[in-house]
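Architecture and fold: a report
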Amino acid sequence: MYVKVETERLAFIRFNQPKLRSEDYIHLRDAIHSDGDVQNIGRLTVLPSTYIGSPRHMHEYAQDAMTYVRNYGTPDLFITVTCNPKWTEIERELEPGQKPQDRHDIIARVFQQKLKVMMDVLTKYRVFGDTRCYMYSVEWQKRGLPHAHILIWLLNKLHSNEVDDIISAEIPDPVTDPRLHDIVTTQMVHGPCGALNPLSPCMADGKCTKRYPRPLVAETVTGNDGYPVYRRRSKEDNGRTIKVKVQNQEIEIGNEFIVPYCPLLSRIFETHANVESCHSAKSIKYLCKYVTKGSDMAVFGIASENVNDEISNFQMGRYVSTNEALWRLLSFQIHERYPTVVHLAVHLENGQRVYFTEANAAQRVERPPSTTLTSFFAMCESDPFAATLMYVEMPKYYTWNQSTKKFQRRKQGTPVPDWPQVFSTDALGRMYTVHPRNDECFYLRLLLVNVRGPKSFAHLKTVNGHQCQKNIKRIWWRNGVRRVC
């Protein structure tokens, strides 16, 4: 049923492409003035970024994540929480004779509520300290169970000597904490794999793809890839061991197969919750891996005639599990983040993107639409406080009104000293990326990163009262700052 719903949504986008075309304003203006033919302008089957799960949506999600890194550095904690089909909340709702895999609706609802509670524990109850920002992404295993990858940025960075206070990679004491011991031994043991079980699903070319078994060390040390090497004491160093069954044989394993966990979160949620202290941008790539990987799919030998048909490319043999279908039908969030990231347009003069129809194309030429960039210029002209800001700083103090296409001062937030009726929030701005081959727009973006309070495109090119007309990019790269042309 979800695939039917998705097909109808994509069909609406496909069949409305001729009615709602987009083109850069300068290209539309030139086309209208040259021959007045609007029949073949903007001919492209586009899947917009507003469609959740589309390649453009995933790309924007990854770029927004890097905005957090640019402002706050690398994340402090990387948490992976997986649905446990043996949760009491799931089992008590099953009818007699039913198994969890028979009721994916219950699994989706319970996991969504558990995930919401976990985010409250992490952010509102501050179990790891004050949270500066966070983001998470929900994915689905091939077996159907959902799991979430969560990134946490803490206000006070986690130091190496504090890792052992919140993260453990050892078997708990069964005498002093039998409940935690039972959770860890049933939920947080990897494999076993390697020489003990060469047929484990994680094995590839004779090695574990998850790098288990891990080395046994007496103290936690800093790793080379941004992840620490957690304390895993050996049996000779008073480390504990457990017995597990592998291929109908009982073997003894130690801390080398324990997945890092937080004792508090494990006690609360009683599920597989991997907690890692990370100081690397690789976690961003892992969380947003669908940017390059794409959605789960099974590709077979069908070629599309139109290579520009993004909707057909998106639909090609895509794999949708039952739980994902129910999750989408129930309108649960797949991605969530805080604080908000406002996208800021970057374009040359009269180069903004225009949405038009055949009927209003000529009208759009006469009155080009306002963008965040042109509105920023107007605010710098009329508002003294805006004239002190960089372009990316605008969303912190101003809101973007989508209907009027203008920036407005925020009415709530933290008051700014010496500026009455000016409030600041945690919102961040992100300028769209520009490829260096698009040289004029690329160097315009460089100027916007370094110039405060520009009032127009001409003002950006004005240095010491002289307006530069040519070779701005050569002067920029030769001197590193704006100089007289």
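Parameters at a glance
Residues numbered from 1 in each chain as written. Predicted model: local features only at pLDDT ≥ 70, side-chain atom pairs only at ≥ 80, totals over all residues. Heavy atoms only, no water. Pairing = 2+ DSSP bridges. Helix = DSSP H or I, 4+ residues; strand = E, 2+ residues; numbered from the N terminus. Axes fitted to C-alpha atoms, helices over the stretch in contact; angles between N-to-C directions. Contact = heavy atoms within 4.5 Å. pLDDT = per-residue confidence, 0-100. Buried < 20%, exposed > 50% of the residue type's maximum accessible area, 1.4 Å probe, protein only. Core = buried A, V, L, I, M, F, W, Y, C linked by side-chain atoms within 4.5 Å. Salt bridge = Lys/Arg side-chain N within 4 Å of Asp/Glu carboxyl O.

The name recorded for the chain in an unreviewed UniProt entry is Helitron helicase-like domain-containing protein, from Macrosiphum euphorbiae.

This part is about the sheet that holds strand β10 (residues 335-338). Sheet architecture is open: five strands sit in the order β9-β2-β4-β3-β10, paired in antiparallel fashion. The open sheet is flanked by β9 (273-277) and β10, the only strands paired with a single partner. For this sheet, the mean angle separating the axes of adjacent strands, direction not counted, is 10°. Strand contacts of helix α5 (residues 104-123): β2 (77-82), β3 (131-140) and β4 (146-154), with the helix running at about 10° to β4, the strand carrying the most contacts.

Once that is clear, we can look at the confidence of the model for the chain. Fine structural detail should not be taken from predicted coordinates in areas where pLDDT scores are low. Looking at the chain, pLDDT values average 83 and 83% of them are 70 or higher. Low pLDDT (under 50) marks residues 290-304, which in the prediction has 23 contacts with non-local residues, meaning those over four places away or in another chain. Between residues 471-478, whose pLDDT stays under 50, and residues either more than four places distant or in other chains, the model counts 19 contacts.

Another point: helix α12 (residues 322-329). Among all positions in α12, only N323, E324, A325, W327 and R328 are buried. With its phi angle positive at about 60°, S331 sits one or two positions after the end of α12.

Another aspect to go through is the nonpolar core. Nonpolar side chains in soluble globular proteins generally cluster together in the buried interior. Of all hydrophobic cores here, the largest spans 40 residues; its most connected members are L77, L122, F128, I150 and L265. Where this core is concerned, the elements lending two or more residues are β2, α5, β3, β4, α6 (163-166) and α8 (263-269). In terms of residue count, α5 provides more of this core than any other element does, ten residues in total. Dropping the residues within four chain positions of it, L77 is found in contact with F128, I150, L151, I152, L154, L158, I166, I167, V275, E276, S277 and C278. Counting residues in each nonpolar core, the second largest holds 29 residues, with V346, A386, Y391 and V416 among its members.

Here we come to the pattern of salt bridges. Inspection of every chain in the model, using the stated rule, returns 15 salt bridges. Salt-bridge contacts for D64 lead to R430; the nearest nitrogen and oxygen are separated by 2.7 Å. On the criterion of sequence distance, the pair formed by D64 in helix α3 (residues 55-72) and R430 in strand β17 (residues 428-431) is long-range, its members being 366 residues apart. Across the pair, exposure class does not vary: D64 and R430 are buried alike. A single network of salt bridges, built from pairs that share partners, joins D64, R337 and R430.

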